[in-house]
Amino acid sequence: LCAGCGTSPALVVLALGSCERLAPFAVVELASVLRSLQSLTVDVGVAQGCLDDILSLPENKAPEPRIVRLLLGSVVNVLQGPSPLGCASLDAERMPWKSLLELLVAQMQPGSSLRGITEIAAHVAWSLGALLAHYSAEATSSDIVQVMGVVLSCIENLSGALGRACLVEQTAVALPLSGEEARLMVQAVLMLCQTAMLHRSRGMPKRLGEAMVRSGALGVLRTVAERMPFDQIVLQRVLCVLDLLRYEAPEHWPLDESHGAQRLCHHVLSLPMLASDDAVRFHAEALLSRLGGSTRMEELGSASAQGNPAASHLNQKLGECWRAKLRPGDLVDAMDTEQASWYEGRIVDVQKDSSGDGTCKVKVHFMGWHPRWDTWIDLATESFRVQRRHRIVRRWRCRLGPKDRLDVKLPEGRTPRDLGCTYEDCSQRLMLPFRTRACTEDDLQDASYRTRWRCGEVLEVRREKGELWAHIAVAGCNYVASATTTSSGGRRSNIASAMESQECTSNAVTNYNTTTLGELLQAGVVMNFWVDLNSDFVQKSGTHTSRRRPVWGLLLRCPQIPHLCPEGGPARWGLLEPCTGQPGATDAHMGKTTSADAT
């Protein structure tokens, strides 16, 4: 694909397809010759062969960082999003990720010549984090701890370079590296922590947190944040990870690191331009609360912040007065400690304090979860677990449209006759009338109804008398719940593709009225019904049907993958403008990309 750039065309993306017979050195030579090449898409097997070849070069023939970035970007692109070839899922399934992980880790060991090239080290760290995030179901604690050690050692080297630059009074503009390397590395640390959080029931994040604290990760992360004190992206990620480590392994924190973390929180909260960022403010306040510090502006000791109207939101403690006024039926964002995940919650009960004027404890029901997970939260000690609605969990129900995906709950032990369904023999569909609920609270109490979460597709959204309803289609075993991608990259309707394989199901079920919903779905029948989008029986796609739960760091924007934003900078991190929080700061602090990244 060639794009015109003035009078001379610049080759932007090179897509070689599934070229399994293509020699790796040919790809490397081609990428070397095409200096204007920004993105490269090759088969993952070829990409790994290329990496193996160029990473094993002798020290006097160090590979060009740009080529390593292109190859790593090609691999990460396959893992994190659709490639220009439209074959990402196939490539991701057959990727030998374990061998690729071992190859990259081996090249980042102390003494490696590649580790000294900051740009390569940053993109390797990014790729390692993306690799384990994609294969989180297969990743083990030892995998995550090993990779975390490599990434932290790279951050320590980078922090040392920043420190040496400060000693000779170099500015950020004069540094031989950009802030982009630090952002990629701290993002890799966050991705590894989030991967561990998906296995919280197995104690993986606690073991990772203990290993990180013992290895000195607190000092490494805090130092790089202190040496880039106005970088919004670095501060977001560092505060988020420190908040997580304090939550998972508080007993292992040294006293001096606790004091250092408090100083860092005071720094960001005292600067209105930094504190205006939701993620920075939330994690700084939560971390101070866990450390036993105060978030009151007058106690931060910052004369510049006192009396500043822009910082007035800091003039209240975490236990704000609105929490004391919570009543049954109020909607909030609440954190579940079993998974350390944030969900929309509803207050179902309250306990008053001794004076009877305010609320000291609230019982929260997590929307989309069984009532057995309802929990009491003490507002005196755990107020950070209750936030105003949509502060953490962004609005998503009102933004749904046709072809969007949803997790919906169905009573698979009930029959169509019980629910009042009609059956269309010509289309092999079960139909439920509008405003007739497929699942109710009573279904949850009867174990014989076997309520189960299914992945469905939105056909229509309708607002009726102040209620928001969605027309959902759910199919069974013949419907694999994966989006169908056409050769042109366009997306077809999942239900339409499911119906193509249902011609043989008419003879599989003889009596639809007495057969359970579970059996009908297993036979490939499609069920159409309406759901109240504000009910407990709807959740984001993947919350219950996969491992994509809203884990720690929900306020942080996901950065663009390499192929979509190869130049890096503010566009990669979702910033509208290069805002660093420093008055009068220029683009230099937001991290202009290096010449190798820019064309």
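Parameters at a glance
Residues numbered from 1 in each chain as written. Predicted model: local features only at pLDDT ≥ 70, side-chain atom pairs only at ≥ 80, totals over all residues. Heavy atoms only, no water. Helix = DSSP H or I, 4+ residues; strand = E, 2+ residues; numbered from the N terminus. Buried < 20%, exposed > 50% of the residue type's maximum accessible area, 1.4 Å probe, protein only. Contact = heavy atoms within 4.5 Å. Areas by Shrake-Rupley, 256 points an atom, 1.4 Å probe, with all protein chains shown as cover. Pairing = 2+ DSSP bridges. Axes fitted to C-alpha atoms, helices over the stretch in contact; angles between N-to-C directions. Parallel < 35°, antiparallel > 145°, perpendicular 65-115°, else oblique. Left-handed = near helix turned anticlockwise from the far one by under 90°. Nonpolar A, V, L, I, M, F, W, Y, C, P; charged D, E, K, R; others polar. Phe/Tyr/Trp six-rings, centres within 6.5 Å; stacked < 30°, edge-to-face > 60°. Core = buried A, V, L, I, M, F, W, Y, C linked by side-chain atoms within 4.5 Å. Polar contact = N/O pair within 3.5 Å; in protein donor to acceptor, adjacent residues only side chain to side chain. pLDDT = per-residue confidence, 0-100. Salt bridge = Lys/Arg side-chain N within 4 Å of Asp/Glu carboxyl O.

Visitor: When you look at the overall build of the protein in this model, what are you seeing that I'm missing?
Guide: Helix and strand counts for the protein stand at 19 helices and 16 strands. Counting the 599 residues in the protein, one finds 53% classified as buried. In the protein, the share of contacts with a sequence separation of at least 24, taken over all contacts with a separation of at least 6, comes to 71%. When the accessible area of the protein is evaluated, it comes to approximately 25900 Å², of which 51% is carbon and sulfur surface.

Visitor: How do you make sense of the sheet that holds strand β12 (residues 429-431) when you look at a structure like this?
Guide: Picture the strands of a sheet paired through backbone hydrogen bonds; they go either parallel or antiparallel. Reading across from one edge, β11-β12-β15-β14-β13-β10-β16 is the order of the seven strands in this open sheet, with mixed pairing throughout. The sheet is open, and its two borders are formed by β11 (422-424) and β16 (538-540), each paired with just one other strand. With direction set aside, neighbouring strand axes in the sheet form an average angle of 35°. Note: strand β10 (residues 405-411) against strand β13 (residues 451-464), seven bridges, orientation antiparallel. Looking across to β13, one finds that K409 is bridged to W453.

Visitor: Please clarify how the packing of helix α10 (residues 217-227) against helix α11 (residues 232-248) should be interpreted in this entry.
Guide: Describing two packed helices takes the angle between their axes plus the distance from one axis to the other. Close contact between α10 and α11 brings their axes to 9 Å; oriented N to C, the two are set at 155°. Taken together, the axis directions place α10 and α11 in an arrangement best described as roughly antiparallel. Like other packed secondary-structure pairs, α10 and α11 cross with a definite hand, here left-handed. Counting all contacts with α10, which are made through L218, L221, V224 and A225, the residues of α11 involved are V234, L235, V238, V241, L242 and L245. For the contact of α10 with α11, the per-class residue count stands at ten nonpolar, no polar and no charged.

Visitor: Got a minute to help me understand the pairing of strand β6 (residues 341-352) in this structure?
Guide: When a strand is regular, its side chains alternate between the sheet's two faces. One ladder, built from six bridges, connects strand β5 (residues 331-336) with β6; its direction is antiparallel. Residue M335 lies in a different strand from β6, and its bridge partner there is W342.

Visitor: I tried to follow the packing of aromatic side chains on my own but got confused; where do I start?
Guide: Geometrically, a pair of aromatic rings is defined through the distance of the ring centres and the angle of the planes. Taken as a whole and assessed by the stated rule, the structure comprises seven aromatic pairs. Arranged with centres 5.3 Å apart and planes meeting at 35°, the rings of Y247 and W552 form a pair that is tilted. Of this pair, Y247 sits in helix α11 while W552 sits in the segment after β16; the two residues are 305 residues apart in sequence, bridging distant segments of the chain. Neither residue differs from the other here; Y247 and W552 are each classed as buried. Clustering of aromatic rings is evident, with ring pairs tying together Y343, F366 and W369.

Visitor: Looking at this structure, I do not really get the nonpolar core. What am I missing?
Guide: Across soluble globular proteins, nonpolar side chains have a tendency to be buried as a group. The biggest cluster of nonpolar side chains holds 135 residues, and the ones touching the most others in it are I155, M212, M527 and F529. For I155, the contacting residues outside a window of four places in its chain are M185, V186, V189, V220, L221 and V224. Counting residues in hydrophobic clusters, the runner-up holds 14 residues, among them V332, Y343, I347 and L379.

Visitor: It is not clear to me how helix α9 (residues 204-214) should be interpreted in this structure. Could you clarify?
Guide: Three or four residues apart is the spacing at which side chains of an α-helix point the same way, because the helix has 3.6 residues per turn. Looking at α9, one finds that the buried residues are M204, P205, L208, G209, E210, M212 and V213. Just beyond α9, the residue with positive phi is G216, at close to 90°.

Visitor: Would you explain the environment of D243 in this entry?
Guide: Assignment of secondary structure puts D243 in helix α11. Remark: the alpha-carbon pair of D243 and W552, spanning 309 residues in sequence, is separated by 9.5 Å. Non-local contacts of D243, meaning those with residues more than four positions away in its chain, are made with H283, A286, L287, R290 and W552. Only 3.1 Å separates the side chain of D243 from the side chain of H283, close enough to count as a polar contact. A polar side-chain atom of D243 sits 2.5 Å from a polar atom in the side chain of R290.

Visitor: Looking at this structure, how should I read the packing of helix α12 (residues 255-270) against helix α14 (residues 278-291)?
Guide: Between α12 and α14, whose axes approach to 9 Å, the crossing angle comes to 145°. Of the two elements, α12 crosses α14, and the hand of that crossing is left-handed. Here S258, A261, Q262, C265, H266, V268 and L269 of α12 lie close against α14, whose contacting residues are V280, R281, A284, E285, L287, L288 and L291. Residue classes in the contact of α12 with α14 are distributed as nine nonpolar, three polar and two charged.

Visitor: Would you take a moment to explain the pairing of β10 for this structure?
Guide: Within β10, seven of the seven residues are buried, which leaves it mostly tucked inside the rest of the structure. Every second residue of β10 is oriented toward a common face, with R405, D407, K409 and P411 on one face and L406, V408 and L410 on the other, all of them buried.

Visitor: Quick question: what am I supposed to make of the confidence of the model for the protein here?
Guide: One rule of thumb: low pLDDT means the predicted coordinates there are not for detailed reading. Taken as a whole, the protein shows an average pLDDT of 75; of its residues, 71% reach a score of 70 or greater. Segment residues 1-10 is flagged for pLDDT under 50; beyond a separation of four residues in sequence, or across chains, it makes ten contacts in the model. Here residues 579-599 scores under 50 on pLDDT; set against residues more than four positions off or in separate chains, the count is 51 contacts.

Visitor: How do you make sense of the pattern of salt bridges when you look at a structure like this?
Guide: Oppositely charged side chains may form a pair once their charged atoms are brought near each other. Summed over the entire model, instances satisfying the criterion amount to 23 salt bridges. Between E285 and R391 there is a salt bridge; the shortest N-O distance is 4.0 Å. Here E285, found in helix α14, pairs with R391, found in the loop between β9 (386-388) and β10; they are 106 residues apart in sequence, far enough to count as distant. On the basis of relative accessible area, E285 is assigned to the buried category, the value being 7%. Since its relative accessible area comes to 18%, R391 is described here as buried.

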